[in-house]
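Each chain is listed here by its residues.
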Amino acid sequence: MTASTASRSHELTVVEVITETPDAVSLVLAAAHDAREHFTYQAGQFLTLRIPATDGAVSRCYSLSSSPSADEHLKVTVKRTSGGLASNWLCDHATAGMTLESLTPAGAFTVRPAESELIFVAAGSGITPVISMIRAVLLQSGRRVTLVYANRDRESVIFAAELTELLAAHDDRLTVAHWLESESGLPTPAALRTLLPAAPGAETAAYLCGPAAFMDVAAAALHNAGVAREHVHREVFVSLATDAFAAPEPAAGNASAADSATATVEIDGDTHEISWPRGEVLLDALLNQGIDAPYACREGNCGACAYTLRQGEVSMRVNDTLDDYELGIGVRLACQSLPESDRLTAVFDR
Ligand SMILES: Cc1cc2nc3c(=O)[nH]c(=O)nc-3n(C[C@H](O)[C@H](O)[C@H](O)COP(=O)(O)OP(=O)(O)OC[C@H]3O[C@@H](n4cnc5c(N)ncnc54)[C@H](O)[C@@H]3O)c2cc1C
Ligand code: FES
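Note that the structure is predicted; figures quoted are calculated from it, not measured.

**Student:** Now, about the pairing of strand S4 (residues 58-63): what can you tell me, with residues and values included?
**Tutor:** As a general feature of sheets, a regular strand has side chains that alternate between the two faces. Burial runs high along S4: five of the six residues are buried. Sheet topology note: the strand S3 (residues 46-51)/S4 ladder contains six bridges and is antiparallel. Across the sheet, residue Leu 49 finds its bridge partner in S4, namely Arg 60. Between S3 and S4, which pair antiparallel in sequence order, lie six residues; one of them, Gly 56, sits at a positive phi of approximately 120 degrees.

**Student:** Any chance you could break down empty space enclosed by the protein for me, citing the residues and the numbers?
**Tutor:** With the rule as written, the count across this model stands at two cavities of 30 Å³ or more. Lining the largest cavity are 14 residues; nearest its centre among them are Ala 108, Phe 109, Arg 234, Glu 235 and Thr 321. Among the elements that make up the lining of the largest cavity, the one with the highest residue count is strand S11 (residues 232-235) (three residues). A per-class count over the lining of the largest cavity returns five nonpolar, four polar and five charged. Built from parts of two domains, the lining of the largest cavity gets at least three residues from each of domain 2 (118-235) and domain 3 (257-347). What lines the second largest cavity is Tyr 295, Ala 296, Cys 297, Arg 298, Gly 300, Asn 301, Cys 302, Gly 303, Ala 304, Cys 305 and Cys 335. The residue inventory of the lining of the second largest cavity, partitioned by class, reads seven nonpolar, three polar and one charged.

**Student:** Give me the sheet that holds strand S16 (residues 331-333): which residues, what numbers.
**Tutor:** Judged by pairing direction, the sheet is mixed, and its five strands sit side by side in the order S13-S12-S18-S14-S16 without closing on themselves. At either margin of the open sheet sits one strand with a lone partner, and together these are strand S13 (270-277) and S16. Looking at each pair of strands side by side, their axes are set apart by 35 degrees on average, direction ignored. Pairing geometry for strand S12 (residues 260-267) and strand S18 (residues 343-347), over five bridges, is parallel. The residue of S18 that forms the bridge with Ala 263 is Leu 344.

**Student:** I'd love a proper account of the site of ligand 1, names of residues and values included.
**Tutor:** In the neighbourhood of ligand 1, 22 residues make up the surrounding shell, with Arg 60, Cys 61, Tyr 62, Ser 87 and Ser 239 lying closest. A distance of 2.7 Å is found between an oxygen atom of ligand 1 and a side-chain nitrogen or oxygen belonging to Arg 60. Between Cys 61 and ligand 1, the recorded distance is 2.7 Å, taken from a backbone N or O atom to an oxygen atom. Bound to the protein, ligand 1 loses 69% of the 970 Å² it would expose on its own. The cavity where ligand 1 resides is the largest pocket. Considering every element that reaches the shell around ligand 1, the biggest residue donor is S4, with four residues. When the residues that make up the shell around ligand 1 are grouped by side-chain class, the tally is nine nonpolar, 10 polar and three charged. Two domains share the shell around ligand 1, each providing at least three of its residues, namely domain 1 (9-106) and domain 2 (118-235).

Calculation notes
- Residues numbered from 1 in each chain as written.
- Chains lettered and ligands numbered in written order.
- Predicted model: local features only at pLDDT ≥ 70, side-chain atom pairs only at ≥ 80, totals over all residues.
- Heavy atoms only, no water.
- Buried < 20%, exposed > 50% of the residue type's maximum accessible area, 1.4 Å probe, protein only.
- Helix = DSSP H or I, 4+ residues; strand = E, 2+ residues; numbered from the N terminus.
- Pairing = 2+ DSSP bridges.
- 1 Å grid on protein atoms, 1.4 Å probe; cavity = no way out; pocket = protein on both sides within 12 Å on 5 of 7 lines; lining within 4 Å.
- Points joined across faces, edges and corners; volume = space filled by probe spheres on them.
- Nonpolar A, V, L, I, M, F, W, Y, C, P; charged D, E, K, R; others polar.
- Domains from an automatic or database assignment.
- Axes fitted to C-alpha atoms, helices over the stretch in contact; angles between N-to-C directions.
- Near = heavy atom within 4 Å.
- Polar contact = N/O pair within 3.5 Å; in protein donor to acceptor, adjacent residues only side chain to side chain.
- Areas by Shrake-Rupley, 256 points an atom, 1.4 Å probe, with all protein chains shown as cover.
- Sits in = over half its atoms within 2 Å of the grid points.

Shown next, in the form of structure tokens:
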């Protein structure tokens, strides 16, 4: 653990390992008593774990499959990726009693509060954030929910029993449709369309999680059903290429006032006025000035560092996660933002 991640990195104890399917395990995780306050989360968010894989430690994100309002402990669910370092290590070696280093929960893939009906489309391990969101929505609101869940075959279906229980408890407003590749082949937009509500309302929101090609098919089906593009949100599962637990690169030198913008940054209830060097991304500017900002990948693809730009303009080096709707309402990635104005206001409210 490094100084910069010290306040966001904590040891979690594996309380239980649950075999979900032949290819997937859930790890039930507990934070030490004095760290619990750092592990409050919203349904749909993820943990970034440091996994001591065979050829050296790697950082990987895993969505929380537990429910923030109903479960005492945290839970992540890991599906084997063929040839993958971390997923196979966890499926083969995770045992109750071991500890794993984890960054605090992060991510912007969460249900927007509204009264509209919701559609979730998941494939394989993409069910992980989705089951947490569905449970939260059913517990905390009266919204109607449709889940379309695609898998290779029946034995690959993660949370089959839990979904059956949820259906029994909420059959008036939960609909679950399974798509099994072993029986129906690869899904097409036309075939998935038949599993969606016949006439979704104008405000219906959809949340997609699965392989990119599957999400493209699901997005086309939703488009055919009349769900507005700006209400379709995606979570992309990729492996981090960098060490999320490492310190950021130090700033190249003291930038002069002329080379810096001025930013007002609201974060965790505090307001900071910082000098933001023009060649430095916002995340590094904050961390270098001792301000504890959230991040995981630092590559523009996980959304952990998302903030809302209230004043000024930035350019982003990479953006693999924010959609047009989020960009339109001012959401930006701190790990990719360079200042284009002299004065900016950034609020970490995601
Ligand atoms: C926000 C977020 C949430 C996520 N949530 C979950 C979740 O809930 N559950 C889940 O199971 N996963 C989740 N993931 C994915 C997870 O983080 C990992 O990407 C996944 O477990 C695979 O990691 P791995 O180390 O096993 O595979 P990796 O070692 O990263 O390998 C991935 C693939 O690339 C291939 N590969 C690796 N190195 C090379 C190379 N040098 N050349 C060619 N091919 C190579 C491997 O063979 C493998 O097929 C999430 C990711 C993100 C970003
Ligand atoms: S830290 Fe992942 S997008 Fe910025």
